[in-house]
Structures are given as C-alpha cells and as structure tokens.
Amino acid sequence: MNECRVARMRGVLVPVAIEPISELDLPVQFVDLNYTDLSDFDGTPLHRGWNSTLTRLGELTLRPLLGQASVTRGEVESHKLSALGDLCLDVAVR
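Residues numbered from 1 in each chain as written. Predicted model: local features only at pLDDT ≥ 70, side-chain atom pairs only at ≥ 80, totals over all residues. Heavy atoms only, no water.

**A few points about the overall build of the protein chain**
Along its length, the protein chain carries two helices and two strands. Secondary structure elements of the protein chain occur, N-terminal to C-terminal, as α-β-β-α. Summarising the internal contacts of the protein chain: among those between residues at least 6 apart in sequence, 50% fall at separations of at least 24. Only carbon and sulfur atoms are counted for the fraction: they give 53% of the accessible area of the protein chain, which is about 7000 Å². (Helix = DSSP H or I, 4+ residues; strand = E, 2+ residues; numbered from the N terminus. Contact = heavy atoms within 4.5 Å. Areas by Shrake-Rupley, 256 points an atom, 1.4 Å probe, with all protein chains shown as cover.)

**Considering the side chain of threonine 44**
Positionally, threonine 44 belongs in the loop between β2 (36–37) and α2 (48–60). One polar contact links threonine 44 to aspartate 42, side chain to side chain, over a distance of 2.8 Å. (Polar contact = N/O pair within 3.5 Å; in protein donor to acceptor, adjacent residues only side chain to side chain.)

**Describing α2**
The first and last C-alpha atoms of α2 sit 19 Å apart over 13 residues, in line with the 18 Å expected at 1.5 Å per residue. Close packing links the buried residues of α2 with β1 (16–17) and β2. Immediately beyond the C-terminal end of α2, within one or two residues, lies leucine 62, with a positive phi of roughly 60°. (Expected span 1.5 Å × (residues − 1).)

**Re the side chain of threonine 36**
Relative to the helices and strands, threonine 36 resides in strand β2. You can call threonine 36 buried: its relative accessible area is 19%. When sequence neighbours within four positions are dropped, the list of residues in contact with threonine 36 reads Pro15, Val16, Ala17, Gly49, Ser52 and Thr53. (Buried < 20%, exposed > 50% of the residue type's maximum accessible area, 1.4 Å probe, protein only.)

**Regarding the confidence of the model for the protein chain**
Overall, the predicted model of the protein chain reaches an average pLDDT of 76, with 72% of residues at or above 70. This model gives residues 76–94 a pLDDT under 50, and the stretch forms 31 contacts once residues within four places in sequence are excluded. (pLDDT = per-residue confidence, 0-100.)

**Details of the environment of threonine 61**
With respect to the secondary-structure elements, threonine 61 resides in the segment after α2. Between the C-alpha atoms of threonine 61 and valine 12, which are 49 residues apart in sequence, the distance is 9.7 Å. Polar contacts involving the side chain of threonine 61 include one to the main-chain carbonyl oxygen of leucine 57, which spans 2.8 Å.

And the structure:
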C-alpha cells in the first residue's frame, strides 16, 4: 500500500478494480478514492472502464490518444484483447 500512497501524493495513481469490491474492503486512506470498475471487462476495446483507464494512462504518459478506441463495434469480435488477467500495464511516469 505504500506505493499507492506515494502514487496518490504524486497525482499518478490510476485506481481500478478488477473484481467487485466494497468500501469495507478498502484501506481507510483510500475509502474516498474514485476508481474505475473493470470487474466486468470482457476484453473488448470498447469497454467504458477500459477506455477510461487508457485515457488516464495516456494523460500521465503524455500519450493523449491512448484511450481512443481504434476499432468499430463491427470489428470487436475479430479484435478481442487478451483477458485482463493476462494483461500487464507497466507505466513509467516521470
């Protein structure tokens, strides 16, 4: 949790939930934190929470177009992303 506190103080924390959580599950210092719910992420690039997360990561890494979906709804089935469990985002913020 120290990393989360430091990231929050620096303004670079991108809080997401990859499974359903309740306020009671959060440490006290993060109860007031808004997070993006990815618990129902199905791998499609049009998922609202996924795009929100990518947009925030794009802002932090000076890549503002990162959150713009590059596929149409008709292309979603042929462009499935890997499951969130297999996905690792490593963001270096300077």
